[in-house]
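Topology and contacts: notes
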Amino acid sequence: MDSISLMGSSPATTKSSFLPNGLKNGPREGPSKPTVAIIGSGDFSKCLAIRLLRSGIHVVVGSRQPKRAAEFFPHVVDVTHHEDAVGKASMLFLAIRREHYPSLWDIKHLLAGKVLIDVSNNRRVNQYPESNAEYLASLFPESTVVKGFNVISAWAMQSGPKDASRQVYICSNSVEARQQVIELARQLGFIPLDMGTLSSAKEIENMPLRLFSDWKGPVLTSVALSIFFFAYSFVRDIIHPYMKSRQSFFYKIPLEMVNRTLPVVAITLLALVYLAGQFAAAHQLFYGTKYRRFPHWLEGWLQSRKQLGLLSFFFACVHVLYSLCLPMRRSERYLLLNMAYQQVHANIENSWNEEEVWRVEMYVSFGIMSLGLLSLLAVTSIPSVNSALNWREFSFIQSTLGYISLLIATFHALLFGWKRAFEEEAYRFYLPPSFVVALVLPVTVIVGKGVLLLPCVAWRLKRIRRGCESSQRHADHERPAAHVSPERVTIM
């Protein structure tokens with residue numbers, strides 16, 4: 001069939017002229033040139049036609065108003081009625097919406113034996129009981145329906161596949177038709193992914209409608225932590241002084257209160273990344289096998305570690321920017337002048353405090369080191385960088401350096417608090433300082449990692465992850481399933 005034979009014929013030797021979008025125009029070639037028809041004349045149809053032309057494929061477009069639609073296509077494209085377009089090709093792209101499928105009922109006899117590629121999408125997830133492709137197959141049972149190319153935007157189709165836009169999900173009940181469309185996708189420069197039978201069409205149609213589905217949990221967690229720690233600091237540092245001595249520190253809300261919230265959320269999110277892996281390790285140690293499925297909440301947590309790590313990096317970077325802006329505040333200048341005046345009034349010539357100098361120096365240094373390591377983890381999450389690393393290198397960066405980053409960040413918070421954790425006046429409304437609350441989870445994770453590194457625990461966990469069963473009882477109750485490995489602590 002012409003549509004499967006994706007080998008273009010030799011270029012004509014006659015003079016050619018240039019079309020828009022870099023296409024060359026010349027006289028039409030012989031019947032050996034493959035032909036693909038497109039039903040529909042919208043933006044996607046136009047971009048798809050241009051892409052097919054660039055790949056050396058002759059294109060026929062079927063439209064209800066061919067004369068009007070021909071103005072928007074290169075003139076090497078045959079723009080004609082639906083009946084003529086269907087008769088000139090055996091592979092057709094249906095670039096029309098689901099509600100327009102019945103309009104093709106009159107040419108049902110012409111579509112018999114044709115390969116129909118459904119590129120439609122719905123307006124919302126699970127809009128209909130069955131997928132568009134399955135509905136199309138029920139309308140035209142004598143045709144072979146293939147679902148594909150619906151995850152590619154018109155812009156990506158015209159400008160060329162780049163990065164994530166290169167993947168094309170394809171499914172069909174016909175293995176032969178599926179292979180034909182896969183070969184066509186490869187010729188167009190895309191990476192086809194075989195999703196099996198047409199029952200996968202609904203999942204494929206829902207893909208373009210999802211909005212950061214993998215980020216929903218981590219983002220909600222970040223927002224919840226931000227609200228909690230901001231309210232916690234607000235009660236301690238704003239409400240308490242006002243109620244006790246009528247001191248108004250409400251001017252600190254836009255900058256200082258936000259800056260106190262950011263590092264607490266950042267270190268908490270970073271600790272949550274590694275806490276998931278420790279729960280997974282404890283699950284494997286308890287059951288004595290790596291083949292028992294993790295609970296659903298733990299599986300979701302393990303799969304969201306990358307998003308949690310990137311959000312931690314984001315909060316840390318914003319914290320640095322806020323910290324650099326603190327000395328620029330007018331209130332900070334007034335406080336500095338008042339301090340200088342008080343020293344002059346008290347006749348203090350030298351206010352140097354060796355302990356405070358060392359504390360702040362180390363506090364800033366540890367903060368910079370932690371952010372530097374966190375930046376390295378974020379960079380290795382980039383696909384081009386990730387693909388250049390082998391498994392051992394990637395594991396070392398994401399796991400070993402990640403734990404070191406968490407440890408340094410913990411020292412950074414300890415140096416910030418210093419002795420205030422032991423001062424009575426620091427506990428306002430009997431609430432501990434924010435840094436004390438922020439250190440609970442990181443310290444717990446660090447201690448948990450120390451326990452897992454104990455020789456007796458590490459040896460048993462290593463055997464389990466190699467497939468050794470600790471007892472036959474656990475092996476009898478195992479439920480093998482593919483789940484996220486806790487060994488690959490993918491922070492970024």
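Residues numbered from 1 in each chain as written. Predicted model: local features only at pLDDT ≥ 70, side-chain atom pairs only at ≥ 80, totals over all residues. Heavy atoms only, no water.

A look at helix α17 (residues 434-452)
Compared with the 27 Å implied by 1.5 Å per residue over 19 residues, the 28 Å span of α17 between its first and last C-alpha is a close match. Remark: the principal bend of α17, roughly 30°, maps to V440, with a proline, P442, within the next four residues. Residues of α17 that are buried include every one of S434, F435, A438, L439, P442, V445, G448 and L452, and no others. On its buried side, α17 packs onto α9 (216-245), α10 (253-287), α16 (391-417) and α18 (455-465). (Helix = DSSP H or I, 4+ residues; strand = E, 2+ residues; numbered from the N terminus. Expected span 1.5 Å × (residues − 1). Bend = angle between axes of the 7 residues up to and from the residue. Buried < 20%, exposed > 50% of the residue type's maximum accessible area, 1.4 Å probe, protein only. Contact = heavy atoms within 4.5 Å.)

Focus: α9
Under the 1.5 Å per step criterion, the end-to-end length of α9 is 43 Å for 30 residues, consistent within 8% with the ideal 44 Å. Of all bends in α9, the biggest is about 35°, found at I239, and the proline P241 comes one to four residues later. Where α9 is buried, its residues meet α10, α12 (305-325) and α17. Following α9 by one or two positions, R246 has its phi on the positive side, about 60°.

Points about the nonpolar core
L52, F93, I117 and F149 are the most contacted members of the largest nonpolar core, which has 35 residues in total. Looking at this core, the elements that each hand over two or more residues are β3 (35-39), α1 (43-54), β4 (58-62), β6 (91-94), β7 (115-118), α6 (154-159), β9 (167-172) and α7 (175-187). Those residues in contact with F149 that sit more than four places away from it in its chain are F44, F93, I117, V119, M157, V168, Y169, V181, A185, L188 and F190. (Core = buried A, V, L, I, M, F, W, Y, C linked by side-chain atoms within 4.5 Å.)

Regarding the environment of V223
Of note, V223 is situated in helix α9. Through-space distance from the C-alpha of V223 to that of V265 is 9.1 Å; in sequence the pair is 42 residues apart.

Looking at the pattern of salt bridges
The full count for this structure, using the stated rule, is 15 salt bridges. Here K147 makes a salt bridge to D118, at a shortest N to O gap of 2.9 Å. One end of the pair, K147, is in strand β8 (residues 144-147); the other, D118, is in strand β7, and 29 residues separate them in sequence. You'll find K147 and D118 in the same group, each marked buried. (Salt bridge = Lys/Arg side-chain N within 4 Å of Asp/Glu carboxyl O.)

Details of the sheet that holds β7
What the eight strands build is an open sheet, ordered β5-β4-β3-β6-β7-β8-β9-β10; its pairing is mixed. Two strands bound the open sheet, and with one partner strand each, they are β5 (78-80) and β10 (191-194). When strand polarity is set aside, the average angle formed by the axes of neighbouring strands in this sheet is 25°. As paired elements, β3 and β6 share three bridges and run parallel to each other. Within β6, the residue paired with I39 across the bridge is L94. In this fold α7 packs onto β6, β7, β8, β9 and β10, with an angle of close to 165° to the strand it touches most, β9. (Pairing = 2+ DSSP bridges. Axes fitted to C-alpha atoms, helices over the stretch in contact; angles between N-to-C directions.)

Regarding the packing of aromatic side chains
A full pass over the atoms with the stated rule returns 18 aromatic pairs. Ring plane angle 40° and centroid distance 4.2 Å describe the contact between Y274 and Y403, whose orientation is recorded as tilted. Here the residue Y274 occupies a position in helix α10, and Y403 occupies one in helix α16, the gap between them amounting to 129 residues. Here Y274 and Y403 have matching classes, each one buried. Ring geometry for Y363 versus F416: centroids 5.7 Å apart, planes at 40°, classification tilted. (Phe/Tyr/Trp six-rings, centres within 6.5 Å; stacked < 30°, edge-to-face > 60°.)

Regarding the environment of P74
Structurally, P74 is set in the loop between α2 (66-69) and β5. On the basis of relative accessibility, which here comes to 12%, the residue P74 falls in the buried class. Put simply, P74 and A49 are 25 residues apart on the chain and 8.7 Å apart in space, counted from C-alpha to C-alpha.

Notes on a nonpolar patch on the surface
Side chains of V235, Y242, M243, F250 and F429 sit close together on the surface and give an oily, nonpolar patch of about 430 Å² of accessible area. Tracing the backbone through its elements, the reader meets V235 in helix α9. (Patch = residues over 30% accessible without salt bridge, like charges linked within 9 Å, V, L, I, M, F, W, Y side chains within 5 Å. Areas by Shrake-Rupley, 256 points an atom, 1.4 Å probe, with all protein chains shown as cover.)

Some points on the confidence of the model for the chain
Here the chain averages 86 in pLDDT, while 88% of its residues score no lower than 70. In the predicted structure, residues 1-31 sits below a pLDDT of 50 and forms 51 contacts with residues beyond four places in sequence or in another chain. Contacts for the low-pLDDT stretch residues 472-492, under 50 throughout, to residues beyond four places or in other chains number 65 contacts. (pLDDT = per-residue confidence, 0-100.)

A closer look at the pairing of β8
Both β7 and β8 contribute to a ladder of four bridges, which runs parallel. Of the residues in β8, the one forming a bridge with V115 is T144. Taken together, β7, helix α5 (residues 132-139) and β8 constitute a β-α-β crossover, and its handedness is right-handed. Sheet topology note: the β8/β9 ladder contains two bridges and is antiparallel. The residue bridging K147 from the neighbouring strand is C171, located in β9. (Right-handed = clockwise from strand over helix to strand, strands pointing away.)

Some remarks on the side chain of K114
When you line up the elements, K114 lands in the loop between α4 (108-111) and β7. Polar side-chain contacts of K114 include one of 3.2 Å to the backbone oxygen of V86. Not counting residues up to four positions away in its chain, the partners in contact with K114 are V86, A89, S90, L92, S143 and T144. (Polar contact = N/O pair within 3.5 Å; in protein donor to acceptor, adjacent residues only side chain to side chain.)

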